[in-house]
Amino acid sequence: MKSAPNPHSLGARYPELGSADIPIEPYISPAYYQLEKQYIFKKTWIHVGRVEEIPNGGDYFVKQLDACDASIIVVRDRAGAINAFHNVCAHRMNKIIYGTHGTARRLFCKFHGWSYDLNGNLVGVPDEECFANLRRQDRGLSPVHLQVWQGFIFVNFDRKPSLSLEEFLRPMYGDVEGYPFEKMTSCYAWSAVVNCNWKLALDAFQEAYHVAYVHGNSIASALLKSESGGSRPLDGLCGEYHRRLSMAGNPKSVYGNPQALTASVEPPSGADVAPSDRPIGEAALRYGRGGTRFSVPQNTLPKGVNWTKHPNWAFDINVIFPDFYVSLRPNYYQAYNFRPIAHDKFLFDARVYYPEMTTAGGRFYQEYMKVALRDVLLEDLSTLEHNQEACATRAKTHMVLQDYEIMVRHQFTVVERLIGEGRAQVA
Amino acid sequence: MRVVRKSHDQMAMNESIISSAQARLLPGGFEDLEPFAAWSLSTETERITRRQTSSFEEIVAFRNAILPYLERIFSYLEQKPLDALQPPDRRLLYLTLSLAEIAPSVEYYRQPAVIEGFNASRFLPVEDSPLRPKI
């Protein structure tokens with residue numbers, strides 16, 4: 001049976017994305033991954049962390065970025081500026097920092113004791129007189145382009161980036177600027193190495209079609225259902241690089257209520273489940289009220305957040321090309337990187353940021369929300385390795401998409417375009 | 001192995017040492033929760049590990065024991081600033097964080113782990129990440 005045409009069709013708004021089936025090869029090919037590294041990951045802005053992680057001079061963190069063939073040190077100097085350097089000693093190339101983060105007066109190589117100041121200048125060489133004509137100014141750490149947007153630190157390995165970070169982000173995210181990222185200072189992180197292509201994995205996070213099935217035991221009831229019973233996005237935006245989806249929640253659920261914890265909202269009555277069914281969730285909401293150091297009245301959010309102004313809006317999914325997923329809600333946000341390691345392997349670098357809780361009840365509520373999110377992520381991750389293995393059988397050569405899976409199509413199209421442009425420039 | 005017979009007095013004394021040591025784990029007034037003190041764990045890694053290695057019956061017993069005390073726990077703890085809680089008070093708070101940990105087990109999945117979920121031991125918390133709350 002053929003259904004009536006959808007008046008809100010996203011595909012009709014973006015005819016340039018076409019309607020053809022999507023080939024599987026880019027998701028299983030080692031050669032294609034090499035092209036992605038060369039023409040995308042080494043040419044564009046890559047998110048590595050938040051400025052709040054390194055508040056003081058000498059604070060640093062290290063990021064392993066396999067898709068860029070790099071390990072970098074991001075460090076704040078004494079004047080407060082943040083810089084990035086390759087984590088490679090100029091002497092005989094040892095990694096300078098082995099750990100993940102810390103505080104240092106100098107960056108010190110454990111191999112032969114060479115040391116660098118916080119701006120990457122070589123300042124200490126044991127037995128320096130034994131080197132013939134060593135010029136310290138030629139032997140500093142190798143800098144990496146670094147820019148900051150709304151407190152998010154990005155690096156770029158291109159020799160001369162073709163776009164500034166703002167030029168890259170503002171066409172899609174200019175009207176998200178002003179979201180209170182800096183107030184969300186309680187961050188929980190998890191990580192996993194998953195045997196799945198990074199694009200295939202990201203695809204599982206940029207459509208809501210899966211929610212009724214993958215999340216049928218947990219939060220499916222927290223999203224607003226369409227007449228057909230599925231979860232459809234309120235709207236979607238496809239840009240030159242980036243993409244966005246806006247989702248509605250069920251305001252009667254704890255998880256899907258964006259205004260939970262603000263004092264004006266009563267605990268849910270007539271909720272989606274009988275009170276005796278989920279007493280812990282209800283207790284979290286009850287004892288958490290008023291426990292947050294900071295809450296955002298929804299009408300103060302920047303206009304690009306909940307851009308359809310839907311009354312039951314729950315969250316916006318923002319995929320910042322290539323591999324950074326940011327889901328914005330009024331009272332917290334999620335930030336996931338899908339960092340490629342190989343054509344069939346990625347690091348899931350997942351974080352959620354909440355406002356600090358000042359009361360025990362608030363902390364209990366935050367733990368409830370965080371654990372629920374983590375378990376939902378375990379559901380999201382559950383299909384990925386099976387999905388990759390099934391793709392690799394080549395039993396099927398193409399995938400077929402429905403209208404609301406347009407972000408899968410958009411991601412494929414942008415990656416193809418950039419690889420094509422990159423190869424044309426080289427030719 | 002030779003069985004050492006202890007005198008009645010000695011055994012009674014040992015029991016009283018054990019019970020007074022146990023009584024010190026949680027603040028006064030929450031003695032009924034002492035049998036569940038093993039759920040008082042300071043990190044998410046420990047809490048999810050305990051959840052994953054407990055039977056569903058053990059999880060439900062813990063839920064049933066602590067749920068009726070939540071009102072008293074939070075009215076007691078909220079007299080004090082969160083960042084200045086003493087060890088017994090902290091342990092009481094950690095019990096509630098374990099309750100949050102097992103909430104999906106009893107309220108979503110009806111079993112300890114996520115149904116057909118990704119292996120939780122491959123997706124562990126980064127406990128030392130810089131912005132993680134101290135409690």
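A quick note: this is a predicted structure, and the numbers were derived from the prediction, not measured.

Side note on the interface of chain A and chain B
- Taken together, the 37 residues of chain A in the interface contact 34 residues of chain B.
- Going through the elements one at a time, β12 (186–194), α7 (279–288) and α8 (360–382) of chain A are the ones with two or more residues in the side of chain A that touches chain B.
- The biggest single contributor to the side of chain A that touches chain B is α8 of chain A, with 14 residues.
- A class-by-class count of the residues in the side of chain A that touches chain B yields 19 nonpolar, 11 polar and seven charged.
- Across two bridges, the pairing between β12 of chain A and strand β1 (residues 124–125) of chain B is antiparallel. Looking at β1 of chain B, one finds that S191 of chain A is bridged to L124 of chain B.

Examining the nonpolar core
- Ranked by size, the top nonpolar core spans 149 residues in total, and within it I73, V74 and Y368 of chain A carry the most contacts.
- In terms of residue count, the dominant contributor to this core is α8 of chain A (11 residues).
- Excluding residues that lie within four positions of it along the chain, Y368 of chain A makes contacts with I280, G281 and A284 of chain A together with A100 and A103 of chain B.

Describing the environment of Q34 of chain A
Residue and element names in this part refer to chain A.
- Tracing the backbone through its elements, the reader meets Q34 in helix α3 (residues 30–41).
- According to the C-beta neighbour criterion, Q34 is exposed, with 11 such atoms within 10 Å.
- Each C-alpha atom of the pair Q34 and A67 lies 8.7 Å from the other, and the pair is 33 residues apart in sequence.

Regarding unusual backbone geometry
Residue and element names in this part refer to chain A.
- Residues F321 and P322 are joined by a peptide bond in cis, for which omega reads 0°.
- Phi at Q150 takes a positive value of approximately 50°, unusual for a residue other than glycine.
- In this structure, K309 is a non-glycine residue whose phi angle is positive, near 55°.
- Mapped onto the secondary structure, K309 falls in the loop between α7 and β15 (313–320).

Examining helix α4 (residues 165–173) of chain A
All names here are of chain A.
- Among the residues of α4, those classed as buried are L165, F168, L169, M172 and Y173. Down the axis of α4, the buried side of the element spans an arc of 85°, and every buried residue falls inside it.
- Buried-residue contacts for α4 involve β10 (143–149), β11 (152–156), β14 (243–248) and β15.

Quick word on the sheet that holds strand β8 (residues 115–116) of chain A
- Read across the open sheet, the three strands follow the order β7-β8-β9 (chain A); overall the sheet is antiparallel. In this open sheet, the two edge strands, each paired with only one partner strand, are β7 (107–108) and β9 (122–124) of chain A.

Focus on the sheet that holds β10 of chain A
Residues and elements named next belong to chain A.
- Strand order in the open sheet formed by seven strands is β2-β11-β10-β5-β4-β3-β6, with antiparallel pairing between adjacent strands. For this open sheet the edge positions go to β2 (46–50) and β6 (101–103), each flanked by a neighbour on one side alone. The sheet shows a mean angle of 30° between the axes of neighbouring strands, taken without regard to direction.
- Pairing analysis gives three bridges linking strand β3 (residues 59–65) to β6, with the strands arranged antiparallel. Its bridge partner being in β6, D59 is matched across the sheet by T103.

Rules used throughout
Residues numbered from 1 in each chain as written. Chains lettered and ligands numbered in written order. Predicted model: local features only at pLDDT ≥ 70, side-chain atom pairs only at ≥ 80, totals over all residues. Contact = placed C-beta atoms within 7 Å. Helix = DSSP H or I, 4+ residues; strand = E, 2+ residues; numbered from the N terminus. Nonpolar A, V, L, I, M, F, W, Y, C, P; charged D, E, K, R; others polar. Pairing = 2+ DSSP bridges. Core = buried A, V, L, I, M, F, W, Y, C linked by C-beta atoms within 7 Å. Buried ≥ 20, exposed ≤ 12 C-beta atoms within 10 Å, placed from the backbone. Arc of directions from axis to C-beta. Axes fitted to C-alpha atoms, helices over the stretch in contact; angles between N-to-C directions.

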